[in-house]
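# Inside the fold
Given next are the chains, with one letter for each unit.
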Amino acid sequence: MRWPEQAEYMAAVTSVMRAQQILLAKVEDVLKPYTLTFATYEALRLLAFTRSGTLPMGKMGTRLMVHPAAVTNAIARLEQRGLVERQMSPDDRRVVLATITPAGRALADEATSALNEAAFGLPGLTQEQAAQVTEVLNLIRASTGDI
């Protein structure tokens with residue numbers, strides 16, 4: 001069965017999937033000396049961005065656009081290293097809060113500097129081109145109701 005009218009869609013999906021693999025590998029190579037994965041880096045960076053350094057775990061999943069189990073796994077790994085602490089919310093015992101430690105904040109800053117130097121895995125693109133990539137990918141996300 002031939003479906004040439006759909007070939008461009010298949011090529012687009014294949015290209016996006018391959019680009020994701022390439023970028024994840026590049027970013028994780030930069031993060032390797034810090035013993036961070038992209039998932040643990042994102043969790044640390046999110047906490048470092050907050051005023052108090054604390055967020056409910058459920059809110060982290062929403063902001064990172066990942067399953068709650070992925071947040072739990074990332075925070076558990078960071079907690080083992082003393083980079084994050086978990087505690088129950090004093091306002092609602094059903095809510096678990098994650099708080100970045102000073103060591104976690106320092107590591108997040110170091111790793112971010114390294115990623116900035118590596119242009120977050122996109123050193124061959126200008127800032128304008130990177131913005132264009134984001135714009136096109138946002139079309140996909142919007143068409144699926146993600147944003």
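Before reading on, note that the structure itself is shown above.
Quick look at the structure, then. On a predicted model such as this, the values are computed, not experimentally measured, just so you know.

Rules behind the numbers
Residues numbered from 1 in each chain as written. Predicted model: local features only at pLDDT ≥ 70, side-chain atom pairs only at ≥ 80, totals over all residues. Heavy atoms only, no water. 1 Å grid on protein atoms, 1.4 Å probe; cavity = no way out; pocket = protein on both sides within 12 Å on 5 of 7 lines; lining within 4 Å. Points joined across faces, edges and corners; volume = space filled by probe spheres on them. Helix = DSSP H or I, 4+ residues; strand = E, 2+ residues; numbered from the N terminus. Nonpolar A, V, L, I, M, F, W, Y, C, P; charged D, E, K, R; others polar. Patch = residues over 30% accessible without salt bridge, like charges linked within 9 Å, V, L, I, M, F, W, Y side chains within 5 Å. Areas by Shrake-Rupley, 256 points an atom, 1.4 Å probe, with all protein chains shown as cover. Salt bridge = Lys/Arg side-chain N within 4 Å of Asp/Glu carboxyl O. Buried < 20%, exposed > 50% of the residue type's maximum accessible area, 1.4 Å probe, protein only. Contact = heavy atoms within 4.5 Å. Axes fitted to C-alpha atoms, helices over the stretch in contact; angles between N-to-C directions. Parallel < 35°, antiparallel > 145°, perpendicular 65-115°, else oblique. Left-handed = near helix turned anticlockwise from the far one by under 90°. Phe/Tyr/Trp six-rings, centres within 6.5 Å; stacked < 30°, edge-to-face > 60°. Lys NZ or Arg CZ within 6 Å of the ring centre and 35° of its normal.

## Overview of the layout of surface pockets
- Considered as a void within the structure, the largest pocket measures approximately 1,500 Å³ in volume.
- What lines the largest pocket is a set of 35 residues, and nearest its centre among them are Gln-20, Leu-23, Phe-38, Glu-42 and Leu-137.
- Listing elements by their share of the lining of the largest pocket, those giving two or more residues are α1 (7-31), α2 (38-49), α3 (57-64), α4 (68-80) and α6 (127-143).
- Of the residues contributing to the lining of the largest pocket, the split by class is 23 nonpolar, 7 polar and 5 charged.

## Comments concerning a nonpolar patch on the surface
- Judged by side-chain polarity, Val-16, Leu-125, Val-133, Leu-137 and Ile-140 come together as a nonpolar surface patch covering roughly 350 Å² of accessible area.
- Positionally, Leu-125 belongs in the loop between α5 (102-117) and α6.

## Focus: the environment of Thr-99
- Here Thr-99 lies in strand β3 (residues 96-100).
- Judged by relative accessible area, which is 14%, Thr-99 ranks as buried.
- Through-space distance from the C-alpha of Thr-99 to that of Leu-55 is 6.7 Å; in sequence the pair is 44 residues apart.
- Excluding anything up to four places from it in sequence, Thr-99 contacts Leu-47, Gly-53, Thr-54, Leu-83, Val-84, Glu-85 and Gln-87.

## Let's talk about the pattern of salt bridges
- Throughout the structure, instances matching the rule amount to 4 salt bridges.
- Of the charged contacts in the structure, one is a salt bridge between Arg-94 and Asp-92, with a shortest N-O distance of 3.0 Å.
- Looking at Arg-94, the relative accessible area reads 74%, which means it is exposed.
- Asp-92 gets classed as partly exposed once you look at its relative accessible area, which sits at 23%.
- The partner of Asp-146 in a salt bridge is Arg-141, with the nearest N and O atoms 2.6 Å apart.
- Under the relative-accessibility criterion, Arg-141 is labelled partly exposed at 26%.

## What to know about the packing of α2 against α5
- Put simply, α2 and α5 touch, their axes get as near as 9 Å, and they point 115 degrees apart. Viewed along their axes, α2 and α5 adopt a mutual orientation that is roughly perpendicular. With respect to the hand of their crossing, α2 and α5 are arranged in left-handed fashion. Across from Tyr-41, Leu-44, Arg-45 and Ala-48 in α2, the residues of α5 making contact are Gly-104, Arg-105, Leu-107, Ala-108, Asp-109, Ala-111, Thr-112 and Leu-115.
- Partitioned by chemical class, the residues of the contact of α2 with α5 number 7 nonpolar, 2 polar and 3 charged.

## Notes on the packing of aromatic side chains
- Taken as a whole, this structure holds 1 aromatic pair when the rule is applied.
- An angle of 25 degrees between the planes, with centres 6.4 Å apart, marks the rings of Phe-38 and Tyr-41 as stacked. Taken together, the residues span about one helical turn, with Phe-38 and Tyr-41 both in helix α2 at a distance of 3 residues.
- Over the face of the ring belonging to Phe-49 we find Arg-45, whose NZ or CZ atom lies 4.7 Å from the ring centre.

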